[in-house]
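Spelled out, the chains give:
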Amino acid sequence: MGNFLTSSIGKKVIMSLSGLFLISFLCIHLALNLLMLVDSSGDLFNQGAHFMATNPLIKIVEPILMLGFVIHILWASILTLQNRKARPTRYAMNSQSQNATWSSRNMYILGAMILVFLVIHMYNFWINIKLPAFGNTALAHIVVDGVKMEDTYTLVADLFRNSIAYCVLYIAGAILLGLHITHGFWSAFQSVGFSNAIWRKRLECVAYFFAFVFAVGFGIIPIYFIIVG
Ligand code: HEM
């Protein structure tokens, strides 16, 4: 088992499983975020965010999610470094000549750019909500249906209403995430051994579907606040 996890294929399996886990988180995150577009009073989104912040099961999952990110980033770095060491010149030749997509050849750089986005994103929201002493905005509280909660909707809305630069950053983040997933999704299934000629095509279609949904879904939120104000 120890040998498997440190072997090249073992590392790829870890990358794949952590990646698929992160995709499942993003599905929930996106569904919750889209509540902002459904109810402009913000109540629905605030209730959703409050549920996520207080539900005991989610509290258990949160550190696992953080660990998922750390493992995915760490293993990606180890694998990329090992690959570069093992075939520095052949890699460069193949990457140009083979029929690989731009995203598949640039997964690490795409991942690194998403990480930069993620650090800024955590500073914008997570820090302001969870560690207000280190934040840059005073988080307001409201009462919805008799329950006092953080006004996360106003935190998000104000960020996008007050800064075109942040809107552009979040749209770029959504597009980078989409590009990362066009390759990452089907390649994850291939790494765990679930792929053949027929399934590869099908999984590629599903990958493009997820990539499109994430890019448009996350990207549309700042666009909505630019338009609606
Ligand atoms: C328009 C796009 C987005 C908006 C408005 C948004 C909004 C938020 C908000 C308000 C929170 C804090 C929730 C809370 O802790 O109560 C949050 C947390 C988080 N977001 Fe986003 N997000 C967006 C896109 C993304 C993307 C693209 C990613 C990943 C690449 C991402 C990853 C995360 C993570 C990891 C957390 C911390 C989860 C936790 O432990 O609570 N978000 N987001």
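Source: prediction; values computed, not measured.

Caption draft 1: Fine view of the overall build of the chain. For the chain, the count of helices and strands is eleven helices and two strands. The order of α-helices and β-strands along the chain, N terminus first, is α-α-α-α-α-α-α-α-β-β-α-α-α. Taking the principal axes of the C-alpha coordinates as reference, the chain spans close to 60 × 40 × 35 Å. Evaluated residue by residue, the chain yields a buried proportion of 21% over its 229 residues. Put simply, 71% of the contacts in the chain that link residues at least 6 apart link residues at least 24 apart.

Caption draft 2: View of the site of the ligand. Residues in contact with the ligand amount to 23 residues; listed here are only the nearest, Ala49, Glu62, Phe125, Phe218 and Ile221. Counting residues per element, the ones that place at least two in the shell around the ligand are helix H2 (8–33), helix H4 (43–54), helix H5 (56–86), helix H8 (107–130), helix H9 (152–162), helix H10 (164–191) and helix H11 (197–228). Take the shell around the ligand: its biggest share by element is six residues, from H8.

Caption draft 3: Structural view of the pairing of strand E2 (residues 147–150). In this sheet, E2 lies alongside strand E1 (residues 141–144) in antiparallel orientation, the contact comprising four bridges. When the sheet's bridge partners are listed, His141 is paired in E2 with Glu150. Counting the residues in the hairpin turn of E1 and E2 gives two residues, including Asp145, whose phi is positive at 50°.

Caption draft 4: Here's a closer look at the environment of Ile28. Its location among the elements puts Ile28 in helix H2. Using a count of 13 C-beta atoms within 10 Å as the deciding quantity, one classes Ile28 as partly exposed. Along the backbone, Ile28 and Leu155 are 127 residues apart, and their C-alpha atoms lie at a distance of 19 Å.

Caption draft 5: Spotlight on unusual backbone geometry. Positive phi, normally seen in glycine, also occurs at Asp145, with a value near 50°. Here Asp145 shows up in the loop between E1 and E2.

Caption draft 6: Layout of the confidence of the model for the chain. In the predicted model, the chain carries a mean pLDDT of 91, and 94% of its residues have values of at least 70. In the model, residues 91–97 has pLDDT below 50 throughout and makes four contacts with residues more than four positions away in sequence or in other chains.

Caption draft 7: Seen up close, the nonpolar core. By size, the foremost hydrophobic cluster in this structure holds 27 residues, and its most contacted members are Leu177, Ile181 and Phe214. At the level of elements, H4, H9, H10 and H11 are the ones that each hand at least two residues to this core. A total of ten residues in this core trace back to one element, the largest contributor, which is H10. When neighbours within four sequence positions are excluded, Phe214 is seen to be in contact with Leu26, Leu30, Ala174, Leu177, Gly178 and Ile181.

Caption draft 8: Quick look at the packing of H8 against H10. Interhelical geometry of H8 versus H10 gives an angle of 145° and a closest axis separation of 9 Å. Along this stretch, H8 crosses H10, giving a crossing that reads as left-handed. Counted together, Met107, Leu110, Gly111, Met113, Ile114, Phe117 and Ile120 of H8 and Leu169, Gly173, Leu176, Leu177, Leu179, His180, His183 and Gly184 of H10 form the full contact between these two elements. Of the residues that constitute the contact of H8 with H10, the class distribution is ten nonpolar, five polar and no charged.

Caption draft 9: Examining the environment of Ala53 more closely. Note on placement: Ala53 falls in helix H4. Assessed through the 15 C-beta atoms surrounding it within 10 Å, Ala53 is described here as partly exposed.

Caption draft 10: Examining H10 more closely. The end-to-end C-alpha distance of H10 is 40 Å, a good match for the 40 Å that 28 residues give at a rise of 1.5 Å each. At Ile181, H10 is deflected by roughly 35°, the largest bend along its length.

Caption draft 11: Region of the structure containing the packing of H2 against H11. Two elements in contact, H2 and H11, have axes separated by 10 Å at closest approach and are oriented at 40°. Judged by the twist between their axes, the crossing of H2 over H11 is left-handed. Contact residues: Ile23, Leu26, Leu30 and Asn33 in H2; Phe210, Phe214, Gly217, Phe218 and Ile221 in H11. Taken together, the residues of the contact of H2 with H11 break down into seven nonpolar, two polar and no charged.

Caption draft 12: Here's a closer look at the environment of Ser195. Relative to the assigned elements, Ser195 resides in the loop between H10 and H11. Among residues more than four places away in sequence, those in contact with Ser195 are Phe189, Gln190, Arg200 and Leu203.

Rules behind the numbers
- Residues numbered from 1 in each chain as written.
- Predicted model: local features only at pLDDT ≥ 70, side-chain atom pairs only at ≥ 80, totals over all residues.
- Helix = DSSP H or I, 4+ residues; strand = E, 2+ residues; numbered from the N terminus.
- Buried ≥ 20, exposed ≤ 12 C-beta atoms within 10 Å, placed from the backbone.
- Contact = placed C-beta atoms within 7 Å.
- Near = placed C-beta within 6 Å.
- Pairing = 2+ DSSP bridges.
- pLDDT = per-residue confidence, 0-100.
- Core = buried A, V, L, I, M, F, W, Y, C linked by C-beta atoms within 7 Å.
- Axes fitted to C-alpha atoms, helices over the stretch in contact; angles between N-to-C directions.
- Left-handed = near helix turned anticlockwise from the far one by under 90°.
- Nonpolar A, V, L, I, M, F, W, Y, C, P; charged D, E, K, R; others polar.
- Expected span 1.5 Å × (residues − 1).
- Bend = angle between axes of the 7 residues up to and from the residue.

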